[in-house]
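# Observations on the three-dimensional arrangement
Read off the chains here:
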Amino acid sequence: MSQAILPHAGGDTYATPSARTAGRSGIGWRVLVERREAAILVVAIALFVYFTVASANFLTVADLQNLSQFVGPVAVIGAGEVMLLVCAEVDLSAGTVFVFMPFVVYYANQDLGLPMLASIVVAVVVAGVVGALNGIITTSLNVPSFITTLGMLFALDGIMLVTSNAAQLTMPTVGTLSNVFGGYGWSEIIWSVVLVAIMYVVLNRTRFGMHTVAAGGNLVGASEAGVPVNRVKIWCFVICSALSGLIGIVDATRITVLDPGNPGTQEMFYAIAAAVIGGTALTGGSGTVIGAFVGAVVLGVLFVGLTIVGISANAFVLILGAAILGAMIANVQLARFAEKRKLPS
Amino acid sequence: MTTTDLHAARHDRSVAGEEILRTEGITKHFGPVVALRGVDMHLRRGEVLGLVGDNGAGKTTFVKILCGYQRPDAGKMFVEGQEVHFRSVSDSRAVGIETVYQDLALVPQLPVYKNLFLKREIVAGGRLGFLSDNKMRRLARQYLGDIKVNVPSVDAPVERLSGGQRQAIAVARATRSDVKILLLDEPLSAMGAKESALIIDLVRDLSKNRGVSIIVIDHNYAHIFELCDRVNVIHQGVVSFDKPVGDTSLEELTSYMVSEYRQEIMSGRAARQDG
Ligand SMILES: Nc1ncnc2c1ncn2[C@@H]1O[C@H](COP(=O)(O)OP(=O)(O)OP(=O)(O)O)[C@@H](O)[C@H]1O
Ligand SMILES: [Mg+2]
């Protein structure tokens, strides 16, 4: 018997999609079709152009630094959320870990007398343990992560308020180390670029990343194929939480004031918005950390741009909200448009 | 060779092979539902065993126990004479059991080649596990070509394949590695006649030339008679019928299934009248 199963019209049976799309519809379409990040990049550039035209002095070096300091934390927490969204989970407590871990650094350094570097390591490990708890409760007790991490959000906020007596603290600093961890104006964006690059490799180039997609794309099927889906998910919670804690420490070192009055929910929502605007599905099985980074840039450009254009503080939030929705809709529509151009394979 | 001769020949061969798999009294409950109430079954080396039964008879449950995805409530399993206790799919795979699940267990968003290598990835960098994508792509193309499975591209996400193509990928994944015992849960249900013929050829080749022992679940008795050396019927959670295909016929099997069904209705009526 020599006929092939499900013969495919045309001879190029094993042509890669890039080869065929390039041949038939050009490089531009290929990029838009194959890279989900491309659509949101178009939105980001459009916003950039808009603010440059609307305001003569958009993006001085100081603005750019402001932008980078907004983008840094959102992109890193966003990268963690992408890992979780890909395996069909979410972490609502990531923002609270982000604001609370600097307190842990403070307690370890000032109250326990640990050296600064050790204190930072301790805080990142504590963040990882918080993530592990989220993951274990979610997977072994079958609690939806939306609920697990909502509980964790309030619990951590409570611990933060109780341990600090609701009083502000000043982040301790020690020379070079503190410059690396946020003191230097551009350190936050450098951290975020490095961490996002690492997460890109983890998600797209490793067995762990592939198992993360499998767990979110078909939970039962992945475990039938032998993928240890619960362990994979728990590690994603650990990664998201540790990333959030680490970038929180960098952010707090820059700002120096530790404010227990901020529960970190805004940071968390920005991060999830950045992930979703960037093309990560809420349903699991697909996502992109690069997209989340560009999504964070879109939010940052809106944030900095609207401030510079001089929107009144009261209208600002409304416009930001509308703009987030607009960016999201533009992204989805662009992606759909690109999908239509995709040739049947 | 006539069909009967062929069956007889296969029957002889299967008698010759030593026993590779045996189960004794496998039971399984799901809450109040009793899926299996004591399955005794055996399989010889190189033998193809057909497993038939009504919807909900427990065939899939039995296969999932054999491959370690589910644990039985009671009963024993032996592979090559050794008692085994599988705690995961990896355990069963370690002794050479591969499964094509009824639900295929593919990840729609992942490309064909990653699905083929799911949980058997080729990696570099030790525990870091960097995927060797190009190597996997090449081997995937090569293997799919060898068994004449045609897909648009090994880079196409599985969600863009047809139902039959997906089944072919699932079968390819199970047969690619070194398999001793192959469990096929309705592998042909979405396939056209031509495609079915190819998979049937592949299964025959595996059993005849590579000595692979195979259990096939199929609701199409024609497939069973074409493919198998022996047929078992699972009815109400036990094996109620066990004959070499040479000693039975399509007619006997069909009328057996119908009579089981009639008996069930009668006893149901009787029970209601008693009660
Ligand atoms: N995970 C589960 N939880 C609860 N009940 C289950 C589960 N899996 C199977 N069952 C029940 O066990 C019985 C046997 O199901 P099984 O899937 O093994 O049947 P089957 O013989 O494969 O049927 P089919 O021919 O339709 O595939 C059914 O009554 C089913 O409802
Ligand atoms: Mg079944």
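Residues numbered from 1 in each chain as written. Chains lettered and ligands numbered in written order. Predicted model: local features only at pLDDT ≥ 70, side-chain atom pairs only at ≥ 80, totals over all residues. Heavy atoms only, no water.

### Focus on the overall build of chain A
On a plain count of helices and strands, chain A comes out with 14 helices and 2 strands. Per-residue burial for chain A yields a buried fraction of 51% across its 345 residues. For chain A, long-range pairs separated by at least 24 residues make up 78% of all intrachain contacts whose partners lie at least 6 apart in sequence. About 14,500 Å² of surface is accessible on chain A, with carbon and sulfur atoms providing 69% of the total. (Helix = DSSP H or I, 4+ residues; strand = E, 2+ residues; numbered from the N terminus. Buried < 20%, exposed > 50% of the residue type's maximum accessible area, 1.4 Å probe, protein only. Contact = heavy atoms within 4.5 Å. Areas by Shrake-Rupley, 256 points an atom, 1.4 Å probe, with all protein chains shown as cover.)

### Here we look at helix α5 (residues 133–146) of chain B
For α5 of chain B, spanning 14 residues, the distance from its first C-alpha to its last is 20 Å, which sits close to the expected 20 Å at 1.5 Å a residue. When we look at burial in α5 of chain B, the residues that qualify are D133, M136, R137, A140, Y143 and L144 of chain B. Within α5 of chain B, the buried residues cover an arc of 140° as seen down the axis, which keeps them to one side. Exposed residues lying more than 90 degrees from the buried face of α5 of chain B are N134 and D146 of chain B. At its buried positions, α5 of chain B is contacted by α8 (187–205) of chain A together with α4 (112–116), β8 (130–131) and α6 (163–176) of chain B. With its phi angle positive at about 65°, K148 of chain B sits one or two positions after the end of α5 of chain B. (Expected span 1.5 Å × (residues − 1). Arc of directions from axis to C-beta.)

### Focus: the packing of aromatic side chains
Evaluated as defined, the whole model comprises 10 aromatic pairs over all chains. Put simply, the rings of F100, F103, Y106 and Y107 of chain A pair up and form one aromatic cluster. Sitting over the ring of F117 of chain B, R176 of chain B keeps its end group 4.2 Å from the ring centre. (Phe/Tyr/Trp six-rings, centres within 6.5 Å; stacked < 30°, edge-to-face > 60°. Lys NZ or Arg CZ within 6 Å of the ring centre and 35° of its normal.)

### Description of the site of ligand 1
Residues and elements named next belong to chain B. Around ligand 1 there are 14 residues in total, and G56, K59, T60, T61 and H219 lie nearest to it. Interatomic distance of 3.2 Å between a backbone N/O atom of A57 and an oxygen atom of ligand 1. A distance of 2.6 Å separates an oxygen atom of ligand 1 from a polar side-chain atom of T61. For ligand 1, whose unbound accessible area comes to 630 Å², protein coverage reaches 63%. Counting residues per element, the shell around ligand 1 draws most heavily on helix α2 (residues 59–66), at 3 residues. (Near = heavy atom within 4 Å. Polar contact = N/O pair within 3.5 Å; in protein donor to acceptor, adjacent residues only side chain to side chain.)

### Let's talk about the interface of chain A and chain B
Counting residues at the interface gives 38 residues for chain A, matched by 47 residues for chain B. Buried area between chain A and chain B, summed over both chains or domains, comes out near 3,600 Å², and the portion from carbon and sulfur atoms is 60%. Put simply, chain A and chain B have 1 salt bridge between them. Across the pair E224 of chain A and K64 of chain B runs a salt bridge, and its minimum N-O distance is 3.2 Å. Our count for the contact surface shared by chain A and chain B stands at 8 residue pairs in polar contact (both at pLDDT 80 or more). Looking at the side of chain A that touches chain B, the elements that each hand over two or more residues are α1 (17–34), α8, α9 (207–217) and α10 (219–224) of chain A. (Buried area = accessible area lost by both parts, 1.4 Å probe. Salt bridge = Lys/Arg side-chain N within 4 Å of Asp/Glu carboxyl O.)

### Section: the coordination of the magnesium ion (ligand 2)
Residue and element names in this part refer to chain B. Donor atoms from the polypeptide that bind the magnesium ion (ligand 2) are T60 (OG1) and Q102 (OE1), placed at 1.9 to 2.1 Å. On the criterion of sequence distance, the pair formed by T60 in helix α2 and Q102 in the loop between β6 (97–100) and α4 is long-range, its members being 42 residues apart. Taking relative accessible area as the criterion, Q102 reaches 41% and is therefore assigned partly exposed. (Donors = N, O, S within 2.8 Å, 3.2 Å for Na, K, Ca; no water.)

### Side note on the sheet that holds strand β3 (residues 48–52) of chain B
Residues and elements named next belong to chain B. Across the sheet, which stays open at both edges, the 6 strands sit in the order β6-β9-β10-β3-β11-β12 with mixed pairing between neighbours. A single partner strand is all that each edge strand has here, and the edge strands are β6 and β12 (238–244). Taking each pair of neighbouring strands and ignoring which way they run, the sheet shows an average axis angle of 15°. Across 6 bridges, the pairing between strand β11 (residues 230–235) and β12 is antiparallel. Each bridged residue has a counterpart across the sheet, and for V231 the counterpart in β12 is K243. Against the sheet, α2 contacts β3, β6, β9 (181–185), β10 (213–217) and β11, and its axis sits at roughly 150° relative to β10. (Pairing = 2+ DSSP bridges. Axes fitted to C-alpha atoms, helices over the stretch in contact; angles between N-to-C directions.)

### Regarding the state of the cysteines
Using the criterion set out here, one finds 0 disulfides over all chains in the structure. C87 of chain A provides the cysteine sulfur closest to C236 of chain A, a residue in no disulfide bond, and the two sulfurs are 4.0 Å apart. The exposure class assigned to C236 of chain A is buried, which follows from its relative accessible area of 0%. With no disulfide partner, C67 of chain B has as its closest neighbouring cysteine sulfur the one in C228 of chain B, 19 Å distant. Looking at C67 of chain B, the relative accessible area reads 0%, which means it is buried. (Disulfide = S-S within 2.5 Å.)

### Some thoughts on the sheet that holds strand β5 (residues 82–83) of chain B
Residues and elements named next belong to chain B. Spatial ordering of the open sheet is given by β2-β1-β4-β5, a layout of 4 strands whose pairing is antiparallel. Two strands lie at the open edges of the sheet, namely β2 (33–44) and β5, each paired on one side alone. Bridge count between strand β1 (residues 19–30) and strand β4 (residues 74–79): 5 bridges; the pairing is antiparallel. When the bridges of β4 are listed, T23 appears paired with M77.

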